[in-house]
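In case you want the letters, here they are:
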Amino acid sequence: MKRAIFPGSFDPITLGHYDIIKRGVTLFDEIVVAIGVNADKNYMFSLDERKKFIEDTFAGEPKIKVMTYEGLTVDFCKKINAEFILRGLRNPADFEFEKAIAHTNRDLAPIETVFLLTSAKTSYIASSIVRDVIRNQGDYTKLVPISVRVK
């Protein structure tokens, strides 16, 4: 079985994340959307809320699971027998950042990183932008799946 994880904080999940997961699921037998827990980070949404947003977004998709983890992503991959890490690239800066992480991960474990380019219509969306729009009472509904829009 080809299992990939799609790691992130998903604070909140965006249509950009959704796009990568939906296209990625055609490449793998299973994708685990892996919500990383970082005690030093201040999140807008609780871990339970973020997990529920993703579960609700992909309800009825048997090839997509949602899990949380702490520590190194490669250690989580080994724990759940995932051979791949799926990442989305929005721009050249994302590529440079993600390339360094992928090389480090490959040095730490036999985990391959697979990159997908975001679609043109979602390439500008970032969770940090969504949070800023929400904080300032802007219309964020065009940026997130319907599961987040009820907030």
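Within every chain, residues take consecutive numbers counted from 1 along the sequence as written. Since the coordinates come from a predicted model, pLDDT governs what is reported: local features require at least 70, and pairs of side-chain atoms require 80 or more to be given and counted, while whole-chain, interface and lining totals use all residues. The side-chain values count all of the structure's non-hydrogen atoms but skip hydrogen atoms and water molecules.

Bringing the environment of Glu-96 into the picture now. In DSSP terms, a helix is any run of H or I states spanning at least four residues, a strand is any run of E spanning at least two, and both are numbered starting from the N terminus. Mapped onto the elements of the fold, Glu-96 is located in helix H4 (residues 92–108). The buried label applies to any residue whose accessible area, calculated with a 1.4 Å probe on protein chains only, is under 20% of its type's maximum; exposed applies above 50%, and partly exposed to all values in between. For Glu-96, a relative accessible area of 46% gives the class partly exposed.

UniProt positions are given in the numbering used here, feature names are shortened, and annotations may be inferred rather than shown by experiment. What UniProt calls "site: Transition state stabilizer" (unreviewed entry) maps, in this numbering, to His-17. On the secondary structure map, His-17 appears in helix H1 (residues 15–24). Throughout, a residue-residue contact means that at least one pair of heavy atoms, one from each residue, lies within 4.5 Å. The residues contacting His-17, other than those within four sequence positions of it, are Phe-6, Phe-10, Pro-12 and Ser-127. Between N or O atoms, a polar contact is any pair within 3.5 Å; within protein, one atom must be a potential hydrogen donor and the other a potential acceptor, and residues adjacent in sequence are included only when both atoms are from side chains. At 2.9 Å, the side chain of His-17 forms a polar contact with the backbone nitrogen of Thr-14.

The next point concerns the sheet that holds strand S4 (residues 84–89). Strand pairing is assigned whenever DSSP identifies at least 2 bridges connecting the two strands. Read from one edge to the other, the open sheet built from five strands follows the order S3-S2-S1-S4-S5, with strand pairing classed as parallel. A single partner strand is all that each edge strand has here, and the edge strands are strand S3 (64–69) and strand S5 (112–117). Sheet twist, expressed as the mean angle between neighbouring strand axes with direction ignored, is 30°. The pairing of strand S1 (residues 3–8) with strand S2 (residues 30–36) spans six bridges and is classified as parallel. Residue pairing across strands places Arg-3 opposite Glu-30, the latter belonging to S2. A fitted line through C-alpha atoms serves as each axis, taken over the contacting stretch for helices, and the angle formed by two N-to-C directions is quoted from 0 to 180°. Together, S1, S2, S3, S4 and S5 form the strand contacts of H1, whose direction differs from that of S5 by roughly 115°. Against the sheet, helix H3 (residues 73–80) contacts S1, S2, S3 and S4, and its axis sits at roughly 145° relative to S1.

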